[in-house]
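So the chains spell out like this:
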Amino acid sequence: MAACLLALADLFKSPDLLAAQLRETFIDRTVACDATQIESNSLRKTEHVFCHGRTVVVGEGCVDLIYALDCSGSITRKGFNVSKEFVAKSVSLFQVEKNKERVALLTYDHNVYLQFELGAHNTTAEALQDLIEAPFCGGATSTTAVLEFIRENIIPQTRKRCKKIIFILSDGINNWGGNPIIIAQKLKKIENLEIFTIVIGTSTFGWTEMKKMASGEEHFIPVRKPDDVTQGVEKAIDVPLGNNLIS
């Protein structure tokens, strides 16, 4: 039994491993440090330069970010709030504008709640304010419903030339509305689209679905505790310029 528990523990991502995975698969493939901004702010004279104020380097220099946050009873209010913190930290890497980086936020239990659609904000601060106001729900969990909503209502808003990234944050327990893998497979056929799934909690029930929804093994991130998500994304983003993987 002890050996089984140790083996299970190894499957979860520590904050350091979460940070490394986010850096490799998301941050450093999508954005790089904006050297022009760094020079204009005279930050090159600083010994420790952090990599905020990045510039998008994928596709045509634009990205559409779509976040789907589980707000059901099983993820708990703390898990939901940690998911919002993840969104806030990752969105802060971008300069949200209607013609540049755009963000959509959906929350879901057994229903889907559109908090804001792509192109709704002119600044990152506006997007973050609306994120703060997104409420906890507390119902059952239908990842199927939120993926179908994204496919039917959000994807038509995306720009063909831009990178499209979907983040699904959940405790992994889909218990309403059928199999979400079928919808995820349809989404993954869209050009320039990736799906990341982040599972929060100690239960491995639902991991198979979440893995199959993700664009690849490296896009599936299970974490044991909500606080691990916060620590991991902070470590991933607050990296000295000299350690950035993109030169």
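You'll find the structure just up there.
Now for a quick tour of the structure. A quick note: this is a predicted structure, and the numbers were derived from the prediction, not measured. (Residues numbered from 1 in each chain as written. Predicted model: local features only at pLDDT ≥ 70, side-chain atom pairs only at ≥ 80, totals over all residues. Heavy atoms only, no water.)

**A short note on helix α7 (residues 180-188)**
Here α7 has its buried residues at P180, I181, I183, A184 and L187. Looking straight down α7, one finds that the buried residues subtend no more than 160 degrees of arc, so they occupy a single side. Buried residues belonging to α7 abut α6 (143-154), β6 (163-170), β7 (193-200) and α8 (207-213). (Buried < 20%, exposed > 50% of the residue type's maximum accessible area, 1.4 Å probe, protein only. Helix = DSSP H or I, 4+ residues; strand = E, 2+ residues; numbered from the N terminus. Arc of directions from axis to C-beta. Contact = heavy atoms within 4.5 Å.)

**Here we look at the packing of aromatic side chains**
A full pass over the atoms with the stated rule returns eight aromatic pairs. Where F26 meets F167, the ring centres are 5.0 Å apart and the plane angle is 85 degrees; that geometry is what we call edge-to-face. Pair noted here: F26 is in helix α2 (residues 15-30) and F167 is in strand β6, with a separation of 141 residues, a long-range link. Residue F26 shares its accessibility class with F167, and that shared class is buried. (Phe/Tyr/Trp six-rings, centres within 6.5 Å; stacked < 30°, edge-to-face > 60°.)

**Brief notes about the packing of α2 against helix α9 (residues 226-237)**
Packing of α2 against α9 leaves a shortest axis separation of 7 Å and a crossing angle of 50 degrees. For the element pair α2 / α9, the angle class is oblique. Seen from above, α2 lies across α9 with right-handed handedness. Every residue of α9 that contacts α2 at P15, D16, L18, A19, L22, R23 and I27 is listed here: D228, V229, Q231, G232, V233, K235, A236 and I237. Of the residues in the contact of α2 with α9, the class split is nine nonpolar, two polar and four charged. (Axes fitted to C-alpha atoms, helices over the stretch in contact; angles between N-to-C directions. Parallel < 35°, antiparallel > 145°, perpendicular 65-115°, else oblique. Left-handed = near helix turned anticlockwise from the far one by under 90°. Nonpolar A, V, L, I, M, F, W, Y, C, P; charged D, E, K, R; others polar.)

**Observations concerning the state of the cysteines**
Counting across every chain of the model gives two disulfides. There is a disulfide in this structure between C62 and C162, and the S-S distance comes to 1.8 Å. Across the S-S bond linking C62 and C162, the dihedral sits near -90 degrees, which makes this disulfide left-handed. One end of the pair, C62, is in the loop between β2 (54-56) and β3 (63-70); the other, C162, is in the loop between α6 and β6, and 100 residues separate them in sequence. As far as the burial class goes, C62 and C162 line up, both buried. Here C71 pairs with C137 through a disulfide, and the sulfurs are 1.9 Å apart. Across the S-S bond linking C71 and C137, the dihedral sits near -80 degrees, which makes this disulfide left-handed. Residue C71 is located in the loop between β3 and α4 (76-91), and its partner C137 is located in the loop between α5 (124-132) and α6; the two are separated by 66 residues in the primary sequence. (Disulfide = S-S within 2.5 Å.)

Read these as spatial facts, not as claims about activity.
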